[in-house]
Amino acid sequence: IETAYLDNFDLTTACEICAEADVDFVKTSTGFAPKGAEIEVVKRMRGLLPSQIKIKASGGIKTYEDAIAFIEAGADRIGTSAGVNIVSAPL
């Protein structure tokens, strides 16, 4: 839904539309906006969307720590071009 362009009202409206449409996933961004996923936005989306609708946090997630933070915030999937680096990171 390209969250970088949405204020709180628009984010709420977009999530309500997605819930009404009974979508499977809502993705935070496509990569064309000036910024990608943000922790606080994912937390807000998780609070707005029914639990059966999954969230894909995408954009700017580069490290293992980033990925874990987004999962803890409510993301069910991570979209990243740094997958190899994330799964290869020392624990």
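Residues numbered from 1 in each chain as written. Predicted model: local features only at pLDDT ≥ 70, side-chain atom pairs only at ≥ 80, totals over all residues. Heavy atoms only, no water.

K.L.:
Mind showing me how you'd approach the nonpolar core here?
P.N.:
One recurring pattern in soluble globular proteins is that nonpolar side chains are buried together. V26, V42, M45, L49, A57, I61 and F70 are the most contacted members of the largest nonpolar core, which has 19 residues in total. Secondary-structure elements contributing two or more residues to this core are α1 (8-20), α2 (39-48), β2 (54-58) and α3 (64-73). In contact with A57, not counting residues within four places along its chain, are T28, A37, V42, F70, A75, R77, I78 and G79. (Core = buried A, V, L, I, M, F, W, Y, C linked by side-chain atoms within 4.5 Å. Buried < 20%, exposed > 50% of the residue type's maximum accessible area, 1.4 Å probe, protein only. Helix = DSSP H or I, 4+ residues; strand = E, 2+ residues; numbered from the N terminus. Contact = heavy atoms within 4.5 Å.)

K.L.:
Whenever I open this one, the packing of α1 against α2 confuses me. Can you help?
P.N.:
The packing of two helices is summarised by the inter-axis angle and the distance between the axes. Two elements in contact, α1 and α2, have axes separated by 10 Å at closest approach and are oriented at 45°. Regarding the angle of α1 to α2, the classification is oblique. In the crossing of α1 with α2, the sense of the turn from one axis to the other is right-handed. Of the residues in α2, those in contact with N8, L11, T12 and C15 of α1 are V41, R44, M45 and L48. Among the residues making up the contact of α1 with α2, the classes are represented as 5 nonpolar, 2 polar and 1 charged. (Axes fitted to C-alpha atoms, helices over the stretch in contact; angles between N-to-C directions. Parallel < 35°, antiparallel > 145°, perpendicular 65-115°, else oblique. Left-handed = near helix turned anticlockwise from the far one by under 90°. Nonpolar A, V, L, I, M, F, W, Y, C, P; charged D, E, K, R; others polar.)

K.L.:
For this particular structure, what's the right way to read the environment of S88?
P.N.:
By secondary structure assignment, the location of S88 is in helix α4 (residues 83-88). Residues S88 and T13, spaced 75 residues apart in sequence, show a C-alpha to C-alpha distance of 38 Å.

K.L.:
Could you clarify how one ought to interpret the pattern of salt bridges in this entry?
P.N.:
One side chain can pair with another of opposite charge once the charged atoms of both are near each other. One pass over the structure, following the stated rule, counts 3 salt bridges. The closest approach of N and O atoms between E38 and K35, which form a salt bridge, is 3.6 Å. Of the residues examined, E38 reaches a relative accessible area of 31% and is grouped as partly exposed. Classification of K35 by relative accessible area gives partly exposed; the value is 41%. Salt-bridge contacts for R46 lead to D76; the nearest nitrogen and oxygen are separated by 3.3 Å. Linking R46 in helix α2 with D76 in the loop between α3 and β3 (77-79), this pair joins segments that are 30 residues apart in sequence. On the accessibility criterion, R46 (22% relative accessible area) is partly exposed. Exposure remark for D76: the relative accessible area of 39% places this residue in the partly exposed category. (Salt bridge = Lys/Arg side-chain N within 4 Å of Asp/Glu carboxyl O.)

K.L.:
When you look at unusual backbone geometry in this model, what are you seeing that I'm missing?
P.N.:
With the exception of glycine, the majority of residues adopt a negative phi angle, and the majority of peptide bonds are in the trans configuration. A positive phi angle, near 55°, is found at E2, a position not held by glycine. Tracing the chain through its elements places E2 in the segment before α1. Here D22, not a glycine, exhibits a phi torsion of approximately 55°, which is positive. Tracing the backbone shows D22 in the loop between α1 and β1 (25-27).

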